[in-house]
2 protein chains.
Amino acid sequence: MQDTSDSLVTVLAGGVGAARMLAGIVQVVPPANVTAIVNVGDDLELHGLRISPDLDTITYTLAGEINPDTGWGLKGESWQAMDSVRRYGGISWFGLGDRDLGTHLYRTQRFAEGATLTEITAEITDAWDLALRLLPVTDGRLRTMVTLAEGDDAGREVGFQEYFVQRQHGVPVSSVRFDGAEATAPGPDVIAALADADRVVLAPSNPIVSIDPVLAVPGVREALTARRADTVAVSPIVAGSALKGPADRLLTELGHDATVVGVARLYAPLADALVIDHADADLAGAVAAEGIRPIVAESIMKTPALAAALARTVLAG
Amino acid sequence: MQDTSDSLVTVLAGGVGAARMLAGIVQVVPPANVTAIVNVGDDLELHGLRISPDLDTITYTLAGEINPDTGWGLKGESWQAMDSVRRYGGISWFGLGDRDLGTHLYRTQRFAEGATLTEITAEITDAWDLALRLLPVTDGRLRTMVTLAEGDDAGREVGFQEYFVQRQHGVPVSSVRFDGAEATAPGPDVIAALADADRVVLAPSNPIVSIDPVLAVPGVREALTARRADTVAVSPIVAGSALKGPADRLLTELGHDATVVGVARLYAPLADALVIDHADADLAGAVAAEGIRPIVAESIMKTPALAAALARTVLAG
């Protein structure tokens, strides 16, 4: 196996799955060699605050401060502010812990002072002593919008978090759109991070609502495609199910197969190889038939050691 | 003494002193008869949040939830969000407790939804089951600006809270200005609350930075002057000192006397009577000479009973 311990690694990232993948990668290459290009389509404004859930989930996970029970938010959290909002009958479906609120207060103040999301994110990760680099895919405004397919809400388009959190992704979806994407540009260093990497990784994030919005920023898909030979994807689907979240249902609802074969079809233009779990070993041939090389491995990152092992597999390609 | 137990009472109000005065008044007349017209010149935007310190101090005091140690903020407060802001090197000189933050989150969200400060304030006071009515003097933007007089900052104009909290009102001041006042209009019901009251009260608030910004809203001074015969002021200066805050120094720095006589001179055009403390009984003649009737009373509201007694004095006029 080639020595990848000094590789430059760039990871296209959503939230929880990407955070675990990155936690594995920084065990096997120097963290300063690692760049994550992070989805901002999930971002929202609430209570006047600028909230970037995927950036924060990655930051808190890499800092060792993620709430292990929820996979989002901080350890040792308290909920006094939300209790107070609830007293007023305010919006309480999006839980903001008191510690977590400090991050949004800081981000919002810095925006008001004219800083960019890229700059603010660097300040936040510095404060947590993270050596890897988190790059929001764009400093522009990009919002993942979801059209609901059933019930009283059929045909109604809502913001991603209204679907994901408020409705607990329990409603079928008829389409997904990345509002504002065409007017955005990649953040500084995003294209260079793709061009300069020894290895590009598509994290086991939701292909529809985590990776696709990253690719919707003009120039990113082209820059990624140019690195296809060095790109490895990790399937977020194992044995026909998403490990977390609605990726399986979204794939089905939007006309894809909720299997590693469906993922292979989506990623074949972008990646040379697709890591699939041992549970899907019998589908390796069907994956290969889609034009992407299957790598069968233990892909469920239940422990830091398993995440590191998966990182080694991905980096070896 | 006339029966004032059913009077309609309207109080011009700043923060702490006004809150105590109002807590006394609602003991002696039905709270539903009481309207406070509240200063908003102290309001600020910080971390993207809309903060209205005087409205909140009154609300929390009347709800019995004010932090008794500080005179602002809530009881049982925690500081996790501010600790988190501090981690990032963010703005931490303006302390926002976690419970208190909920109020600002709610207010900011409601502004984003198009509600006015008057409407939002009614929602907040309803949530605390307050029966009295708090009216922001205006729904427009009015900001008390302070020009500093000494040191490196000489000649620099700062927002009120930068003077009051960040510099702990420890810097001499050369002038005070109410930015935006001339473009504002009184909030709904403000002028009617002055016209309809049986008794109008100038609370023992800072004449320069709490009462003056209320009077700077076009139409308020005229509406108040029209009620001069029914207006009683309470001196915030006792024995040459402010009970709280910088009223004494501000009066001196801006060329007034920091005595009940100086207060009398400011309020004589507005009020028929001025309550002064027993400590200033020897100045009653000098107060009368300014054209305002002195009422000598116990004016320091150390206990709820003393606040109620002062309220009875003020209402009897």
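Residues numbered from 1 in each chain as written. Chains lettered and ligands numbered in written order. Predicted model: local features only at pLDDT ≥ 70, side-chain atom pairs only at ≥ 80, totals over all residues. Heavy atoms only, no water.

Things to note about the relation of the copies chain B and chain A
Using the following cut-off: Residues reaching a pLDDT of at least 70 in both copies supply the C-alpha atoms on which the copies are superposed by least squares.
When chain B is fitted to chain A, the best match, at an RMSD of 0.0 Å, comes from turning it 180° and sliding it 0.0 Å along the axis. Expressed as an axis order, the relation between the two copies is that of a two-fold axis.

What about the environment of Asp98 of chain A?
So the rule is basically this: A run of H or I in DSSP becomes a helix once it reaches four residues, and a run of E becomes a strand once it reaches two; helices and strands are each numbered from the N terminus. Accessible area is worked out with a 1.4 Å probe on protein chains only. A residue is then buried under 20% of its type maximum, exposed over 50%, and partly exposed in between. Here a residue-residue contact requires only that any non-hydrogen atoms of the pair lie within 4.5 Å.
Mapped onto the elements, Asp98 of chain A comes out in helix α4 (residues 98–112). For Asp98 of chain A, a relative accessible area of 0% gives the class buried. Measuring from C-alpha to C-alpha, the distance between Asp98 of chain A and Val176 of chain A comes to 32 Å, with 78 residues separating the pair along the chain. Apart from residues lying up to four places away in sequence, Asp98 of chain A is in contact with Glu77, Ser78, Trp79, Gln80 and Ala81 of chain A together with Ser78, Gln80, Ala81 and Asp98 of chain B.

Overview of the nonpolar core
So the rule is basically this: Definition of nonpolar core: a set of buried residues of the types Ala, Val, Leu, Ile, Met, Phe, Trp, Tyr and Cys, connected through side-chain atoms within 4.5 Å.
Membership of the largest hydrophobic core comes to 97 residues, with the highest contact counts inside it found for Leu12, Tyr267 and Leu274 of chain A. A per-element tally of this core places helix α1 (residues 16–28) of chain A first, with seven residues. In this structure, Val158, Val171, Val190 and Leu215 of chain B belong to the second largest nonpolar core, which totals 96 residues.

Concerning the side chain of Gln109 of chain A
Quick note on the threshold: For the purposes of these results, a polar contact is taken to be a pair of N or O atoms within 3.5 Å, where, inside protein, one atom must be able to donate a hydrogen and its partner to accept one; residues adjacent in sequence count only when each atom of the pair is a side-chain atom.
Mapped onto the fold, Gln109 of chain A is located in helix α4. By relative accessible area, which is 12% here, Gln109 of chain A ends up buried. Among the polar contacts made by the side chain of Gln109 of chain A, one reaches the side chain of Glu113 of chain A at a distance of 2.9 Å. Not counting chain neighbours up to four residues away, the residues in contact with Gln109 of chain A comprise Leu46, His47, Gly48 and Ile91 of chain B.

Quick word on helix α11 (residues 260–267) of chain B
Most of α11 of chain B is tucked away, with six of its eight residues classed as buried. Looking only at α11 of chain B, the buried set comprises Val260, Val261, Gly262, Val263, Ala264 and Tyr267 of chain B.

Re the sheet that holds strand β9 (residues 199–202) of chain A
Residue and element names in this part refer to chain A. The following threshold applies: Pairing between two strands is assigned when DSSP locates at least 2 bridges connecting them. Axis definition: a line fit to C-alpha positions, over the contact stretch in the case of helices; interaxial angles, taken between N-to-C directions, run 0 to 180 degrees.
The strand order across the open sheet formed by seven strands is β5-β2-β1-β9-β10-β13-β14, and the pairing between neighbours is parallel. Single-partner strands in this sheet number two, and they are β5 (133–136) and β14 (293–297). On average, each strand axis in the sheet is tilted by 25° relative to the strand beside it, whichever way the strands run. The sheet contact formed by strand β10 (residues 231–234) and strand β13 (residues 273–277) spans three bridges and is parallel. Across the sheet, residue Val234 finds its bridge partner in β13, namely Val275.

Here's the deal with the packing of aromatic side chains
Put simply, the test is: Each Phe, Tyr or Trp ring (for Trp, its six-membered ring) is paired with any other whose centre lies within 6.5 Å, and the angle between the two planes then decides the class: stacked below 30 degrees, edge-to-face above 60, tilted in between. Look at NZ for Lys and CZ for Arg. If either is within 6 Å of the ring centre and within 35 degrees of the ring normal, a charge sits over the ring.
What the rule picks out here adds up to 14 aromatic pairs over all chains. Counting every residue linked through ring pairs, the aromatic cluster contains Tyr60, Tyr106 and Trp128 of chain A together with Tyr88 of chain B. The ring of Trp128 of chain A carries Arg87 of chain B above its face, with NZ or CZ at 3.7 Å from the centroid.

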